[in-house]
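# A closer look at the structure
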Amino acid sequence: MDHVRLAEVMRRLALEAGDRIMEIYADPDFEVRAKSDASPVTEADEAADALISAGLRAAFPELPLVTEEQAASHEQSAETFLIVDPLDGTKEFVQRRGDFTVNIAYVEAGVPVRGIVYAPAKGRLFYTLADGRSVEEVGPFAKEGPGEQKPISVSIPDNRALMVVASKSHRDQATDDYIASYAVRDMTSAGSSLKFCLVATGEADLYPRLGRTMEWDTAAGDAVLRGAGGMVVRFDDHTPLAYGKAGFANPFFIAYAPGVLLVQS
């Protein structure tokens, strides 16, 4: 893999998809439908998916591509592949809360080694460089090339006073009970893959997810967090979260700064 080219292509496609998403977001009457699993889908999901998929297939035709909005792609079996969630946080988008993201990742031998997370309504852009280190780019974001890039790294957590981030739309009692087993200084909520990025920048120490997710929900944020020195492990046995699983479904997981002393579930 040419990682320099990969970084350039992922960044450009994420920004272009973000522009298209924001055009639709500005329309007071955009269409919302229910998918077969009752989750919402909008024309923004589909427009961003078409744009990103075409760009990735043109640039890397030899790689399998898995994307949320193309059900046939979920039937593939691969260890090395590209994976896309063109609009993560559709509920946040529909409710106009702004916490939605564009996510593109490259998984190699089951590990998400490169990724980009773009939150167009928030003006935040996180990605891995060609060497695997993670940065947050400071806007405005030019398509022709990156502006100022700030290296990001996880916190050195104080286990007596942890900062925890949890889901806005998918909180439940089991998650709250697990969080209660830590000494928590404060909690924040965020939508979509931004939670991984808040751990990656040191704005949070711990993000537990006790709920259903798919690999396209997590791969890009996972890659950004890994590139910032963080870790994502299975909730049950604390082994690294692997990718390329059958059906691309995830178990429960914990994303965290390595200094956090994880509680055994």
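Just so you know, these numbers come straight off a predicted model, no measurement behind them.

The next subject is the nonpolar core. Formed by 36 residues in total, the largest nonpolar core has its most connected members in Phe 81, Ile 83 and Leu 225. Elements with a contribution of two residues or more to this core: β4 (81-88), β5 (101-108), β6 (111-119), β10 (162-167), α5 (194-200), α6 (215-227) and β16 (253-256). Of all the elements, α5 adds the most residues to this core, at 6 residues. Aside from chain neighbours lying at most four places away, what touches Ile 83 is Val 66, Asn 103, Ile 104, Ala 105, Val 107, Glu 215, Trp 216 and Ala 219. Tyr 25, Ala 48, Leu 56 and Leu 125 belong to the second largest nonpolar core, which has 34 residues in total.

All right, on to the environment of Asn 250 then. As for its placement among the helices and strands, Asn 250 is situated in strand β15 (residues 249-250). Setting aside chain neighbours within four positions, we find Asn 250 in contact with Thr 213, Met 214, Glu 215, Thr 218, Leu 241 and Lys 245. A distance of 3.1 Å separates polar atoms of two side chains, one belonging to Asn 250 and the other to Thr 218. Here Lys 245 takes part through its side chain, which lies 2.8 Å from a polar atom of the side chain of Asn 250.

Bringing α6 into the picture now. Under the 1.5 Å per step criterion, the end-to-end length of α6 is 18 Å for 13 residues, consistent within 8% with the ideal 18 Å. With respect to burial, α6 is a largely interior element, 11 of its 13 residues being buried. Within α6 the residues assigned to the buried category are Glu 215, Trp 216, Asp 217, Thr 218, Ala 219, Ala 220, Gly 221, Asp 222, Ala 223, Val 224 and Leu 225. Just downstream of α6, Gly 229 is the residue with a positive phi angle, here 95°.

Quick look at unusual backbone geometry now. Here the residue pair Gly 139 and Pro 140 is connected by a cis peptide bond, since its omega of 5° sits within 30 degrees of zero. Not every positive phi belongs to a glycine, and Arg 96 is a case in point at roughly 55°. Here Arg 96 lies in the loop between α3 (90-94) and β5.

Parameters at a glance
- Residues numbered from 1 in each chain as written.
- Predicted model: local features only at pLDDT ≥ 70, side-chain atom pairs only at ≥ 80, totals over all residues.
- Heavy atoms only, no water.
- Core = buried A, V, L, I, M, F, W, Y, C linked by side-chain atoms within 4.5 Å.
- Buried < 20%, exposed > 50% of the residue type's maximum accessible area, 1.4 Å probe, protein only.
- Helix = DSSP H or I, 4+ residues; strand = E, 2+ residues; numbered from the N terminus.
- Contact = heavy atoms within 4.5 Å.
- Polar contact = N/O pair within 3.5 Å; in protein donor to acceptor, adjacent residues only side chain to side chain.
- Expected span 1.5 Å × (residues − 1).

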